[in-house]
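Structural features, examined
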Amino acid sequence: MINNGDTIGIGGFVTTNKPWAFLRALMRVRKKDLTVVASPSGLEIDLMVAMGLIKTLMTPYVGAEAIAPVGPIYSKQAGKSFTIEETDLMTLATMLRARIQALPFLPAWGPVGTSLMELNSKLRWVEDPFGGPPLVAVPPVKIDVAIIHACHADKYGNVQHLGPCFLDPMLAQAAEKVIVQVEKIVSNEEIRRNPLATTIPCQQVTAVVQAPYGAHPSASQNYYRLDDVHYREYLKVAKAFVEGDQTLLKDYIARYIDQPKDLAGYLEAVGMEKILNLGLEECSDAGNT
Amino acid sequence: MINNGDTIGIGGFVTTNKPWAFLRALMRVRKKDLTVVASPSGLEIDLMVAMGLIKTLMTPYVGAEAIAPVGPIYSKQAGKSFTIEETDLMTLATMLRARIQALPFLPAWGPVGTSLMELNSKLRWVEDPFGGPPLVAVPPVKIDVAIIHACHADKYGNVQHLGPCFLDPMLAQAAEKVIVQVEKIVSNEEIRRNPLATTIPCQQVTAVVQAPYGAHPSASQNYYRLDDVHYREYLKVAKAFVEGDQTLLKDYIARYIDQPKDLAGYLEAVGMEKILNLGLEECSDAGNT
Amino acid sequence: MQVTPKEQVAVFISRQIKNGQYVSLGTNLPIPSAGVLLAHLTHAPDLSLNILSYFTNLSSIDYFEDLTQIANPSVAKWADSVMALETLINSISRMDLCFVGGVQIDNYGNSNLIGVGQDPRQLKFRGPGPVGTSTIMSTVKKYFIFTNALTPKVFVEKCDFISAVGWGNGGDDARRQLGLPGGGPEYVITPQAILDFEEGTKRMRLKYVIPPATIEEVKGCVGFELVIPDSLEAFPELTAEEIEVLRNRVDRKGLLREGH
Amino acid sequence: MQVTPKEQVAVFISRQIKNGQYVSLGTNLPIPSAGVLLAHLTHAPDLSLNILSYFTNLSSIDYFEDLTQIANPSVAKWADSVMALETLINSISRMDLCFVGGVQIDNYGNSNLIGVGQDPRQLKFRGPGPVGTSTIMSTVKKYFIFTNALTPKVFVEKCDFISAVGWGNGGDDARRQLGLPGGGPEYVITPQAILDFEEGTKRMRLKYVIPPATIEEVKGCVGFELVIPDSLEAFPELTAEEIEVLRNRVDRKGLLREGH
């Protein structure tokens, strides 16, 4: 469904609901020259950069917060092996909204006075016809395929996040094709029991796949925490790569991307005990009430 | 809370969730020179025009669908006793969004090629900095007080519609003050049981009032149907007014607006048996499954 | 009984709809609703139906009691999703088809829900307002104009006001020149005739006369010169399945058969 | 034990917050979080707290086990509402206060999360990106810059790149000339010193030194000439209630007391 040179949209938020199962499949077949439009991102971008798959990147953030303030390989290669079209979250949302509304541009305050004008080739100035100072005109972005991870969907593709839904609905509306991986495919009756919770209606969804634990190592809302041990393992790999040692990265890719023949194989490579433990409630959790 | 000359925002949609209890209170004290910004509207606008309260009107529709394609007094007085700033639904939403985003304008396709440019003094043309044809620039609209009817809220003002929420969340975000009437004030625990269903968070709400049957004669989502008999009764009054007979309207205002000292008094004037019957499920309802 | 013109029109609409499309079903338009539902219950089970703020699939419904009561809040019980109104109107460019009416409709398919008269402060008749049509008709992939009133009062040379653009001042590129992203009006549908727009000029053209109406009657009912093609095809026959589904599942009360 | 600089800073933040305000509590910023929660548990019970996509009121919570774990998805259990991200970022102009950091912060409170270097294709260090700050800092009613790193590497004369505008090139009307709707940065907060912006020029100015740091040390830690007022007030004393609530309810693990 995805071709070399396509623009892909990646849903989720930093280290939550990242569609890792799809991303690993994409990495496995080495789809290249991708333009990636992503909500604030985790280390999946770092790995895709390491593998040389990304040509152009539009995302407001690449890191893993307390685990890593910034992706090491992404940081090293930025502007060298790939181009960044600099954007903040709202400017990105504005690009998506311009596409959704079929408008040639929408005005924005975000880039005004910042370096975004210089670091994003798509932006222009627009006069305020009411006489105020000029604003920045943000053009639409066209997404060939959006890939999204969510809790539930029915077989028709009605998707429910059952929690925050990030930019996922906007990515879906802005995309030509939308593929969604879910923890569980549920009946249409279950979806219809709470239609208010449907975040992406089936008419926007091209394909839906049941992929339990498919967001690993990121967190999956209502299902499991992020696997910080795995993220730290990857960080070691990435830091070694940045310092010139490529063997760890090769091993990581072999072990987690290339050798597992499917999601089940990947989960076994990680170890099911680790995986299952991520689904346990943390008992030392905050406070009371 | 509302002064003569204010801009008020009215929520709901045509004949559903119209905040009639507040509107009757407003009519009772004859607040005047109002600028009314409203989602598609029912006959409440017709009555406000009849009472001479509206100076400027921005709404995409005034009517009651199958009951009345257009409000009779509104139709008669348009451009005479009050001014219409012509708008369609999306252009109205765009005005609200410009206000919410603190932008001096947002571009829109809707008015292009239509008479809206000629019939709405607020609109301007804006060049497309990417070289396409010009678009229409829609400025923000500032709302002094938004009035909204919903199902439930807690005492802090967390509001849940439990169904479509129309433009109500946008009206709330665009307004300086927001007053919400609800069928039932529920506990904060009940709101927190389903926080995804909260449509207007408490930080946007100035006041919340329990007003059971407060949307009558319009429908209240999940609570009761519209009172088409009452709407037809009003239509007779309005048609007589248009034909020069003001007595029926005077009687209507006395009976339903001025004499009832509160919501309970109004409901008694309508008749509680009628009111309660509106809450019954219609048994001849469509189909199966 | 014989098929009625309203039934024929509903079938015409049904045949324009492809499976999998995203179609909006308006309130207070029973004939277009019948057409959409007929498609849905026959060849388009995967239609994505937008009704009010709800998205539904009604293809497994045995029958509808009352065609006029589909687009009311009780449709909620069939909803797969409820979209925020803002989201819904933002993404109209994904919508395949919807319908518009008008107090006036002109030669180029522009429509007017604003009012009749020259001076906006002294209108002869003030209409209900544009509702959502200005933006929807500028952006939706294509749309049909529907009215029961094929009369010279409605079908005017030039609308006094335009609330939704059709083909503007005419010509294939009328909409492109304005920049409008949507595909524009494809058909004008009435129980007496179905009209389309001539290539090149985009003037309104007769496509089908629906008996008992005649070409001459239709010409007399529009306040401008209708393009009449050299040869006019007869309205295609309805299939037995279409008639059966329409009468027994979509329109049980016989709304489209009234007066016949 | 004595109050620590980090505790003093948290109390400073707490005192800037008024009851009823709408404040965003970011991830990975424990000192600002402590300040906001302290206000919430003392004088600001009606705070509207935005954490991730959730809106919550935490004033009835007895205590927080782990200050670093507030802004994580488990906060969902206290949520009054969950806002669509788009809605949240659309309406930033209603937000009273939030926080920003930076890999560089300049003389006029502009901040940089983009990177260090001159040529964007040959950066010495590429930062994580602007996250939401470009728009949030242009629009929020006011904001505080927070960093643990009061060093000349971070506090530079001029940012290599700007991801969020402070006072631009300086002057009271710097932001008005750009048209920015938000109020701009009010304080720059570090555990060694609290800084504000001089009226007129909007250059960064020392407001409080927090012992054991000294004025000279602070001056040496910024890569530009800091405005030093003629007389500098001492940092106001913490109340017993503030210390008690901070230590027993907000920061039980003693994150703000570490190393003292």
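Residues numbered from 1 in each chain as written. Chains lettered and ligands numbered in written order. Predicted model: local features only at pLDDT ≥ 70, side-chain atom pairs only at ≥ 80, totals over all residues. Heavy atoms only, no water.

Concerning the pairing of strand E13 (residues 193-197) of chain C
Residue and element names in this part refer to chain C. With respect to burial, E13 is a largely interior element, 5 of its 5 residues being buried. Taking every second residue as pointing to the same face, both faces of E13 are buried, with Ala 193, Leu 195 and Phe 197 on one and Ile 194 and Asp 196 on the other. Sheet analysis places strand E12 (residues 185-189) next to E13, joined by 2 bridges and oriented antiparallel. Across the sheet, the residue bridging to Val 188 is Leu 195, located in E13. Linking E12 back to E13 in an antiparallel pair, the connection comprises 3 residues. Pairing geometry for E13 and strand E14 (residues 204-209), over 5 bridges, is antiparallel. Residue pairing across strands places Ala 193 opposite Val 209, the latter belonging to E14. Turn length for the E13-E14 hairpin, with the two strands adjacent in sequence and antiparallel, is 6 residues, and the turn residue Gly 200 shows positive phi of about 90 degrees. (Buried < 20%, exposed > 50% of the residue type's maximum accessible area, 1.4 Å probe, protein only. Helix = DSSP H or I, 4+ residues; strand = E, 2+ residues; numbered from the N terminus. Pairing = 2+ DSSP bridges.)

What about unusual backbone geometry?
A cis amide bond links C:Pro211 to the next residue, C:Pro212, at an omega of 10 degrees. Along the chain, C:Pro212 turns up in the loop between E14 and helix H6 (215-220). The phi torsion at A:Asp33 lies on the positive side, around 55 degrees, for a residue other than glycine. Looking at the element boundaries, A:Asp33 is found in the loop between helix H1 (20-28) and strand E2 (34-38). The partly exposed category is assigned to A:Asp33, whose relative accessible area is 43%.

Some details on the pattern of salt bridges
A full pass over the atoms with the stated rule returns 38 salt bridges over all chains. Note that A:Arg232 and A:Asp228 form a salt bridge whose closest N and O atoms lie 3.6 Å from each other. Here A:Arg232 and its partner A:Asp228 are both found in helix H8 (residues 228-242), 4 residues apart, which amounts to about one turn of the helix. A salt bridge links C:Glu242 to C:Arg15; the nearest nitrogen and oxygen atoms lie 2.7 Å apart. Residue C:Glu242 is found in helix H7 (residues 240-250), and its partner C:Arg15 is found in helix H1 (residues 5-16); the two are separated by 227 residues along the sequence. Here the salt bridges share partners, and the residues they tie into one network are C:Glu7, C:Arg247, C:Asp251 and C:Arg257. (Salt bridge = Lys/Arg side-chain N within 4 Å of Asp/Glu carboxyl O.)

Topic: the nonpolar core
Grouped together as the largest cluster of nonpolar side chains are 163 residues, with contacts concentrated most on A:Val180, C:Phe155, C:Met204, D:Phe155 and D:Met204. With residues near it in sequence (within four places) discarded, D:Met204 still touches D:Ile105, D:Asp106, D:Asn107, D:Gly109, D:Phe155, D:Val188, D:Leu195, D:Asp196, D:Phe197, D:Phe224, D:Leu226 and D:Val227. (Core = buried A, V, L, I, M, F, W, Y, C linked by side-chain atoms within 4.5 Å. Contact = heavy atoms within 4.5 Å.)

A few points about the packing of helix H1 (residues 5-15) of chain D against helix H7 (residues 240-250) of chain D
All names here are of chain D. Interhelical geometry of H1 versus H7 gives an angle of 110 degrees and a closest axis separation of 11 Å. Looking at the two axes, H1 sits roughly perpendicular to H7. Seen from H1, the contacting residues are Glu 7, Ala 10, Val 11 and Arg 15; seen from H7, they are Glu 242, Leu 246 and Arg 247. In terms of residue class, the contact of H1 with H7 is built from 3 nonpolar, no polar and 4 charged. (Axes fitted to C-alpha atoms, helices over the stretch in contact; angles between N-to-C directions. Parallel < 35°, antiparallel > 145°, perpendicular 65-115°, else oblique. Nonpolar A, V, L, I, M, F, W, Y, C, P; charged D, E, K, R; others polar.)

Some words on the environment of A:Ile253
Residue and element names in this part refer to chain A. Structurally, the position occupied by Ile 253 is in helix H9 (residues 247-258). Using a relative accessible area of 11% as the deciding quantity, one classes Ile 253 as buried. Filtering out sequence-adjacent residues up to four positions away, Ile 253 remains in contact with Arg 30, Leu 47, Met 51 and Asp 258.

Focus on the relation of the copies chain A and chain B
With an RMSD of 0.0 Å, chain A superimposes on chain B once it is rotated by 180 degrees and translated 0.0 Å along the axis. Look at the turn and shift together and you get a two-fold axis relating the two. Minimal C-alpha distance to the rotation axis in chain A is attained by A:Leu106, lying at 3.2 Å. When you check the interface residues of chain A against chain B, 100% turn up at the interface there too, and the contact is symmetric in its surfaces. (Least-squares fit on C-alpha atoms with pLDDT ≥ 70 in both.)

Focus: the side chain of B:Gln204
By the element assignment, B:Gln204 lies in the loop between strand E11 (198-200) and strand E12 (207-210). Each residue touching B:Gln204, except ones within four places of it in the same chain, is listed here: B:Pro169, B:Ala172, B:Gln173, B:Val178, D:Met83 and D:Arg94.

Let's talk about the side chain of C:Thr56
Residue and element names in this part refer to chain C. Summarising the element assignment, Thr 56 is placed in strand E3 (residues 54-56). Take Thr 56: its relative accessible area is 3%, and that puts it in the buried class. Among residues more than four places away in sequence, those in contact with Thr 56 are Leu 47, Ser 48, Leu 49, Ile 51, Val 75, Trp 78, Ala 79 and Asp 80.

Some thoughts on the interface of chain A and chain D
Facing the 45 residues of chain A at the interface are 46 residues of chain D. For the pair chain A and chain D, the summed buried area comes to about 3700 Å², and 59% of that belongs to carbon and sulfur atoms. Across the contact surface, chain A and chain D share 2 salt bridges. Between A:Glu86 and D:Arg126 there is a salt bridge, with the nearest N and O atoms lying 2.8 Å from each other. Scanning the region where chain A abuts chain D turns up 12 residue pairs in polar contact (both at pLDDT 80 or more). Of all the secondary structure elements, the ones that give two or more residues to the side of chain A that touches chain D are helix H3 (72-77), helix H4 (89-100) and helix H5 (116-119) of chain A. (Buried area = accessible area lost by both parts, 1.4 Å probe. Polar contact = N/O pair within 3.5 Å; in protein donor to acceptor, adjacent residues only side chain to side chain.)

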